[in-house]
Each structure stands twice: as C-alpha cells, then as structure tokens.
Amino acid sequence: MDYQISHLKELEAESMYILREVAAQFERPVLMFSGGKDSILMVHLAHKAFYPARIPFPLLHVDTGHNFPETLKYRDKLVEKLGVKLIVASVEEAISTGLVTEERGFNASRNMLQIGVLLDALERGKYDAALGGARRDEEKARAKERFFSHRDEFGQWDPKNQRPELWNLFNGKKNMGEHFRIFPISNWTELDVWQYLAEEKVDLPSLYFAHERKVFERDGALLADCEYIMKKPDELVFTEMVRCRTIGDMTCTGVWRSGAGTIEDIIEEVATTRLTERGGRTDDKRSETAMEDRKKEGYF
C-alpha cells in the first residue's frame, strides 16, 4: 500500500470512529448537507461506517432558496439512492414568517440568514448534535474548532472555552438546551478530499467540473449570473469556462476559471494552486473576522 492510500485510510478510519462515537453518545444527531464535496464525503463516510444498516441520522439542508439548480438535483438523487430522511429548513419560508429579514442592495445575500434558520431547525428537531463537513485547512476560524465543538443554549460558540481532546477521548456531556457541532473530517485537506473521492469513485455534482457559464466579476471574484444578484451598472456579463471549488448560495459563491474536466484534472489543479478554495467566497470578505463572527452567532 503506497503512502497516499495509507494516509487516506487513516483519515477514513478516524472520521468513521468519530461518526460511530456520535451515534453512541447522542440521542438525536443530524448530518448537515449542503450538496458540496465535503458534505458528500461525510455522507459517504457515514454510509460506510454503518453499512449494511442505513445511516442512523437524517440529513438537514438549510435551503437559502438561492441554490445552484444542479445542487438540488444531486441532493434529491442521493437521498433517494441511500434511503435516508431529508429535512429541509427553508430560508425563504423564514423570511415570509418574519423569523429573519431579507438583505437589500447590491451585496445582499442570504448566507447570514442561515444562522437563524439553522438554530430554529435544531431546536424544532431537538437535535443534540449536528455533524458538519468543515475542515481546519479551509479558514482560520475553522482551524480553532475541536472535533466535538460545544454550543451553548443559544447556539453560540466560544472559541476560547473549549474542551481538550486527548487520546481520541471525546466529551459529549451537555446541559439541557445545549448541543454540539461535530466535525469528523477536521484533519482532512482539500487535496485529501479529492484524492479520496477519486479512490472511492464517488459520484459528484457537475458544478465541480469545468463548464461554460455566464458570469460577471465583482471585487476580484467571478460570480455566476443569476436572478438573485443585483448587478451594478459596470458589471458586464460574459461567458467563461469555470467550475466551483465550494458550493453554497449563488449570491456569494465565486466560481473559478478552469479547464478541469475530470477528477484527476481537479487533483492536479488543487495540488498546484496557491489560492484557497474559499478565496472566491464573497461572504468571507465582509470583514477580517467574517467567518468567526458568523460562527460565534451559530453559523456552521
């Protein structure tokens, strides 16, 4: 067994161990699913960890209403294939009921609105653990997370007050109303994810592969042209060969110029680039601490 495969098997074993620990320690866990590669990896690992039984917890998708259509198509196909329960928490519905307020203007996004919708969904479902596909190499705020990351009764995170995790011992004890965010793939890198998905031959959304799309440039990032974004007068739409490195709300998810048409091409591209995958996310550029500020309030 070469080093690469051995390394991926170690990561797989660690993640599957954590998934099984969650099933053992918590009464009502839920797996967050966005349709992105990391949440797809999470579902694949959970499927392997509990096979031949079904995944023992439902999937929760916080739907902004501004998704790439390809994401929803992939999500529904995957859920049907695995026979798992899907819970959809709708930002659109939360806006209509007054739970959250729609942003206005050129830079309006529903990304922040996911916080209130997520916390409401966790409360309604009485979920005591929410599994997510965040990785420590993605962003400096996510690098501060533990595998078992405690949230208080308001769903908030205190990065300076976390429990030690020594010798793979995970403490899931909590008070009434509190919950944990669980990050089984914390130690994976973007390159690890792609190499593993290739090794496992996991089906992926077409968005990750190079395709022609109408785009426009804003603050150094390419955004997909769509009805959800108000363009400025000088923002001209043109056609470009692009792909996604992350998948989220269309209003803040940048796309990348790329000719990578296969997963092998993507691996080569990721291995040689110096740009981080979240470099095209406009929501991370609102301030120097944008991600950490959102996470403290309850963002994933």
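Residues numbered from 1 in each chain as written. Predicted model: local features only at pLDDT ≥ 70, side-chain atom pairs only at ≥ 80, totals over all residues. Heavy atoms only, no water.

Caption draft 1: Region of the structure containing the pairing of strand β8 (residues 221-224). A two-sided burial pattern is seen for β8, the buried positions comprising Ala 221 and Leu 223 on one face and Leu 222 and Ala 224 on the other. Taken together, the four bridges between strand β7 (residues 211-218) and β8 define a ladder with antiparallel strand orientation. Considered in β8, the bridge of Val 215 is made with Ala 224. The hairpin turn running from β7 into β8, its antiparallel successor, is two residues long, and Asp 219 in that turn takes a positive phi close to 50°. Bridge count between β8 and strand β10 (residues 254-257): two bridges; the pairing is antiparallel. Each residue of the ladder has a partner; that of Leu 223, found in β10, is Gly 254. (Buried < 20%, exposed > 50% of the residue type's maximum accessible area, 1.4 Å probe, protein only. Helix = DSSP H or I, 4+ residues; strand = E, 2+ residues; numbered from the N terminus. Pairing = 2+ DSSP bridges.)

Caption draft 2: Quick look at the domain arrangement of the protein. Per the domain assignment, the segments making up the protein are domain 1 (7-193 + 289-297) and domain 2 (204-283). Averaged C-alpha coordinates put domain 1 and domain 2 at centres separated by 23 Å. Counting from both sides, the interface comprises 31 residues of domain 1 and, opposite them, 28 residues of domain 2. Among the residues domain 1 hides against domain 2, the three largest losses belong to His 66, Phe 68 and Phe 106. Together they make up 31% of the total. Here Glu 190 ties to Arg 245 by a salt bridge, and the two come within 2.7 Å at their closest N and O atoms. Here domain 1 and domain 2 share eight residue pairs in polar contact (both at pLDDT 80 or more) between them. Going through the elements one at a time, α2 (37-50), α3 (69-82), α6 (190-200) and α8 (290-297) are the ones with two or more residues in the side of domain 1 that touches domain 2. Per element, the largest residue contribution to the side of domain 1 that touches domain 2 is four residues, and it comes from α3. Partitioned by chemical class, the residues of the side of domain 1 that touches domain 2 number nine nonpolar, 12 polar and 10 charged. (Domains from an automatic or database assignment. Contact = heavy atoms within 4.5 Å. Buried area = accessible area lost by both parts, 1.4 Å probe. Salt bridge = Lys/Arg side-chain N within 4 Å of Asp/Glu carboxyl O. Polar contact = N/O pair within 3.5 Å; in protein donor to acceptor, adjacent residues only side chain to side chain. Nonpolar A, V, L, I, M, F, W, Y, C, P; charged D, E, K, R; others polar.)

Caption draft 3: Representation of the side chain of Asp 128 in the model. Relative to the helices and strands, Asp 128 resides in the loop between α5 (114-125) and β4 (129-131). Polar contacts involving the side chain of Asp 128 include one to the main-chain amide nitrogen of Glu 27, which spans 2.9 Å. Leave out the neighbours within four places in its chain, and Asp 128 touches Phe 26, Glu 27, Arg 28, Pro 29, Lys 174, His 179 and Phe 180.

Caption draft 4: Representation of the sheet that holds β10. Read once around its circumference, the closed barrel built from four strands follows the order β7-β8-β10-β9, with strand pairing classed as antiparallel. Strand-to-strand twist in this sheet, taken as the mean axis angle between neighbours without regard to direction, amounts to 70°. (Axes fitted to C-alpha atoms, helices over the stretch in contact; angles between N-to-C directions.)

Caption draft 5: Summary view of helix α7 (residues 263-272). Here α7 has its buried residues at Ile 263, Ile 266, Ile 267 and Val 270. Buried residues of α7, seen end-on, are gathered within an arc of 100° and therefore sit on one face of the element. Among the exposed residues of α7, those pointing more than 90 degrees away from its buried face are Glu 264, Glu 268 and Thr 272. (Arc of directions from axis to C-beta.)

Caption draft 6: Structural context of the nonpolar core. By size, the foremost hydrophobic cluster in this structure holds 61 residues, and its most contacted members are Phe 148, Ile 182 and Trp 194. A per-element tally of this core places α2 first, with eight residues. Split by domain, the residues of this core number at least three in each of domain 1 (7-193 + 289-297) and domain 2 (204-283). Counting residues in each nonpolar core, the second largest holds 16 residues, with Met 32, Val 91, Val 100 and Val 117 among its members. (Core = buried A, V, L, I, M, F, W, Y, C linked by side-chain atoms within 4.5 Å.)

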